[in-house]
Every structure is written in structure tokens, then in C-alpha cells.
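# Tertiary structure, described
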Amino acid sequence: ALAALTTKDLAGEHILITAGPTREELDPVRFISNHSSGKMGYAIAKAARRRGAAVTLVTGPTCLTEPCGVATIQVTSAEEMRQAVMAAFPASTIIIKAAAVADYRPVARAVAKIKKTAGSLSLELEKNPDILFELGKIKADKILIGFAAETGDLLDNAAKKLTVKNVDMIVANDIGAEGAGFNVDTNIVKLLFKDGRVEDVPLMGKQELADVLLDRAVKLKGR
Ligand code: CTP
Ligand code: CA
């Protein structure tokens, strides 16, 4: 890790990173979203830049500062994220999808504020596109890294995502565990690879973990 602080070992790579949550609007004042802070994706973007990569960061709404030297594209909804990712995909060599994309969106966005009435309100939701799944179909020799946020059987669920989404590595995140997941500065993950290998990564800061993930990406690239 010390060598990584000084070596431009990602020079020549173009890394596309997604971060943060998406927001799916119901009306002009309300949205559906999740607890993602964006910290993991931003940490990866900063580390990749420091290590010499050209970096594009597609981010949902966060409270974080745009990293210096990183081409940052702000988006709101999953559909906007999908469009920005697809536009940046052809030029990229490594794609790391840390964003917590909302799985569903309201079928319709009300133009006017939804007024409360007597009784309950039901929302009809439809599936958002699975951006990572779409990239898995067209990845060719690009390195594709996905995340898996789980509360149940971490390894089993993450292994399914690795296969179904055709990615090179899954960063499996036990969001129920202490010191892991949303809005904390540390993370504890397992890395799953195509050959069935599982690597346990101990509890560490997200900035340190970013360098570990990029170390693995470098290896996957055969550099
Ligand atoms: N992802 C995506 N587009 C979506 C949903 C997820 O690109 N519409 C990506 C995430 O960025 C992440 C990976 O897929 O890299 C896994 O996300 P996760 O929410 O853990 O898995 P899902 O496939 O959405 O399944 P579920 O939420 O049901 O566990
Ligand atoms: Ca999901």
C-alpha cells in the first residue's frame, strides 16, 4: 500500500466510477432514495487519480466535495446515471460501480405536489434499469467491478451477482455489520472473484480500502 502512495501505477487507465444514491422523484417535493453517502466511490476516485488514472466520477446527490482532477458528472435518477455511464463507458478501461442505485422508481412523477387526503396512499413503482447488468453484457475485455450490499447470506448473494452481472470482482458489503456500510468512514468487505476465490479484507478506512480495490483492479488488468 505504501508503494501505491507514490507510484503512478494506473497511468494510461481510464477509470469510470459511480457513487452515491440515486433519487427517484414522486412529485416536485418528494423522492425515494437510500442511505448511501457516496464516501466509498469518492474515495476510489481520489485514489485512482492519485495513482495516475484518468477518472470519471458519475455521482448521485451527496454532501461530498468534487475531487480535484476528476471529471465529475452529477446525476439524480437511475435513468440519468445510466445515460452518463453509457456515454463514458466506451473510453473507460476499468469500471467500478459503487453507487447505490434505487431499484425502483414511481411509475409516474406528479407534476404538482401530491396533496394529502383522508386515508392511506399507495405508490406504484416500476423497476429501474440494472446498469451493472447492462455493462456486463457489453464489457468485452474491460475490467468490471461491482458492489453487493447485503444483510442476509453475504457470500451466497454476492456470488450470484458476480455470475449474473458478469463482473470480474464483487465487493461484498455486510451492511448489517459494525463499522461497515452506509455513512461510516470504515468498511469491512469480502472480495469475490470469477475463479471462486474469496478474499477477506479486514476492517479499514474507506480511503485505505479504495487503494486495496485498485490494487486488485491492477492485478485483474494484468499490469
Ligand atoms: N446496480 C446497478 N443498477 C441497478 C442496481 C444495482 O448498476 N439498478 C449495481 C450497483 O451499483 C452495485 C451492484 O449493481 O454495483 C449490486 O447492487 P445491489 O443493490 O447490491 O444488488 P441488486 O442487483 O440491485 O439486488 P438487490 O438490491 O435485490 O440485492
Ligand atoms: Ca439494489
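Below is a summary of the structure that appears in this document. Bear in mind that the values here come from a model prediction, so they are computed numbers and not experimental data.

Turning our eyes to something else, we now look at helix α3 (residues 78-88). Restricting attention to buried positions, one finds in α3 the residues A78, M81, A84, V85 and A88. Take α3 and look down its axis: the buried residues cluster within an arc of 125°, on one side only. Taken together, the buried residues of α3 touch β1 (14-19), β2 (24-27), β4 (54-59), β5 (71-74) and α4 (131-138).

Glancing now at the site of ligand 1. The immediate surroundings of ligand 1 are formed by 14 residues, with K97, A99, F147, K161 and K165 found nearest. D103 is positioned with one of its side-chain polar atoms (N or O) 3.1 Å from an oxygen atom of ligand 1. Taking K161, its side chain carries an N or O atom lying 2.8 Å from an oxygen atom of ligand 1. Starting from 570 Å² of accessible surface for ligand 1 in isolation, the protein chains cover 77%. In this structure the site holding ligand 1 corresponds to the largest pocket.

Definitions and cut-offs
- Starting from 1, residues in each chain are numbered consecutively following that chain's sequence as written.
- Here chains are named by letter from A upward and ligands by number from 1 upward, in the order in which they appear as written.
- Per-residue local features are limited, in this predicted model, to residues with pLDDT of at least 70; the limit for side-chain atom pairs, both in listing and counting, is 80 or more; totals at the level of whole chains, interfaces and linings are taken over all residues.
- To get the side-chain values, all heavy atoms of the structure are used, and hydrogens and water are removed first.
- Throughout this description, buried means an accessible area under 20% of the type-specific maximum (1.4 Å probe, protein chains only), exposed means over 50%, and partly exposed covers the range between.
- Secondary structure elements are defined from DSSP: runs of H or I of at least 4 residues count as helices, runs of E of at least 2 residues count as strands, and each element is numbered from the N terminus.
- By construction, the arc corresponds to the directions joining the helix axis to the C-beta atoms.
- By definition in these notes, contact holds between two residues if any of their heavy atoms fall within 4.5 Å.
- Proximity criterion: a residue is near a molecule or strand once any of its heavy atoms comes within 4 Å of it.
- The definition of a polar contact used here is a pair of N or O atoms within 3.5 Å, where within protein one atom must be able to donate a hydrogen and the other to accept one, and adjacent residues in sequence count solely through side-chain atom pairs.
- To measure how exposed things are, a 1.4 Å probe is used in the Shrake-Rupley method; for residues, cover is taken only from the protein chains shown.
- Throughout, the protein atoms alone are placed on a 1 Å grid, and a set of points is a cavity if a 1.4 Å probe fits but cannot get out or a pocket if it is open with protein on both sides within 12 Å along at least five of seven lines; lining residues have an atom within 4 Å of a point.
- Pocket or cavity membership: a molecule qualifies when more than half of its atoms sit within 2 Å of the grid points of that site.

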